[in-house]
Amino acid sequence: MQNGILKIGKYVIEPTTNVDTLPSDEYNVINTKNGIVYISKNPLELLSVRFWVTIYFDKLHIKRVELSNADEKYKINYKTMNNKIIEQLRKENNNFLLNNLGTANKESLSGLEYEYSWGKVMSYFDFKSAEAGIVICYA
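Residues numbered from 1 in each chain as written. Predicted model: local features only at pLDDT ≥ 70, side-chain atom pairs only at ≥ 80, totals over all residues. Heavy atoms only, no water.

Novice: Explain the nonpolar core here, please?
Specialist: Soluble globular proteins: nonpolar side chains tend toward being buried together. Counting residues in hydrophobic clusters, the biggest one holds 30 residues, and the most contacted among them are Ile55 and Val65. Counting residues per element, this core draws most heavily on strand β6 (residues 49-57), which supplies four residues. (Core = buried A, V, L, I, M, F, W, Y, C linked by side-chain atoms within 4.5 Å. Buried < 20%, exposed > 50% of the residue type's maximum accessible area, 1.4 Å probe, protein only. Helix = DSSP H or I, 4+ residues; strand = E, 2+ residues; numbered from the N terminus.)

Structure, rendered in structure tokens:
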């Protein structure tokens, strides 16, 4: 991950990945006015952890990858939403990054941030929206 290359499931994502790389049969593909969004139909594995994956492209090139932990215990809806689950998920996301990337360049209340020449890797969480995940942003 430190070099911007991710082996997600059977796909290799890197800073130079273009929009034609991913097969649309394993992703829901949404065309927007700003580009194309690929959303995994099933969780994909990255470094032995299963994630729901959303990949954003401008018209041609990759811009961002969002990872949401696919573990059933983090499946959140209006009935199960609570701060304890979000806090556990935040800790698990941070531990995933610490174990795979080492000490972060920055740490804040919202998460960890790693800066590289090709882009950034960040964890985030928000109690209000009950969201927590990992984002890889390509420069």
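Novice: Would you explain the pairing of strand β11 (residues 131-138) in this entry?
Specialist: Residues in a regular strand point their side chains to alternate faces of the sheet. Among the eight residues in β11, six count as buried, and that is most of the element. As paired elements, strand β7 (residues 62-69) and β11 share four bridges and run antiparallel to each other. Within the sheet, the bridge partner assigned to leucine 67 lies in β11 and is isoleucine 134. Here eight bridges tie strand β10 (residues 119-126) to β11, and the two strands are oriented antiparallel to one another. Bridging from a neighbouring strand, phenylalanine 125 pairs with alanine 132 of β11. Linking two consecutive strands that pair antiparallel, namely β10 and β11, is a turn of four residues; a positive phi of about 55° is found at alanine 130 within it. (Pairing = 2+ DSSP bridges.)

Novice: I tried to follow the side chain of glutamate 113 on my own but got confused; where do I start?
Specialist: Summarising the element assignment, glutamate 113 is placed in strand β9 (residues 111-116). A polar atom in the side chain of glutamate 113 sits 3.2 Å from the side chain of lysine 120. Residues within four places of glutamate 113 in sequence aside, it is in contact with Ala104, Asn105, Lys106, Lys120, Val121 and Met122. (Polar contact = N/O pair within 3.5 Å; in protein donor to acceptor, adjacent residues only side chain to side chain. Contact = heavy atoms within 4.5 Å.)

Novice: What should I look at first to understand the pairing of β10 in this one?
Specialist: Here β10 shows a buried face lined by Gly119, Val121, Ser123 and Phe125 and an unburied face lined by Lys120, Met122, Tyr124 and Asp126. The sheet contact formed by β9 and β10 spans four bridges and is antiparallel. Pairing of tyrosine 114 across the sheet is with valine 121, part of β10. Hairpin remark: β9 followed by β10, antiparallel, with two residues in the connecting loop.

Novice: Looking at this model, I keep getting lost on the pattern of salt bridges. Mind explaining?
Specialist: Between side chains of opposite charge, a pair can form as their charged atoms come close. If you walk through the whole model with that rule in mind, you get seven salt bridges. With its nearest N and O atoms 3.0 Å apart, the salt bridge here joins lysine 10 to glutamate 26. Of this pair, lysine 10 sits in the loop between β1 (6-8) and β2 (11-13) while glutamate 26 sits in the loop between β2 and β3 (27-32), placing them 16 residues apart in sequence. Taking the relative accessible area as the measure of exposure, lysine 10 reaches 60% and is therefore exposed. (Salt bridge = Lys/Arg side-chain N within 4 Å of Asp/Glu carboxyl O.)

None of this, on its own, says anything about what the molecule does.
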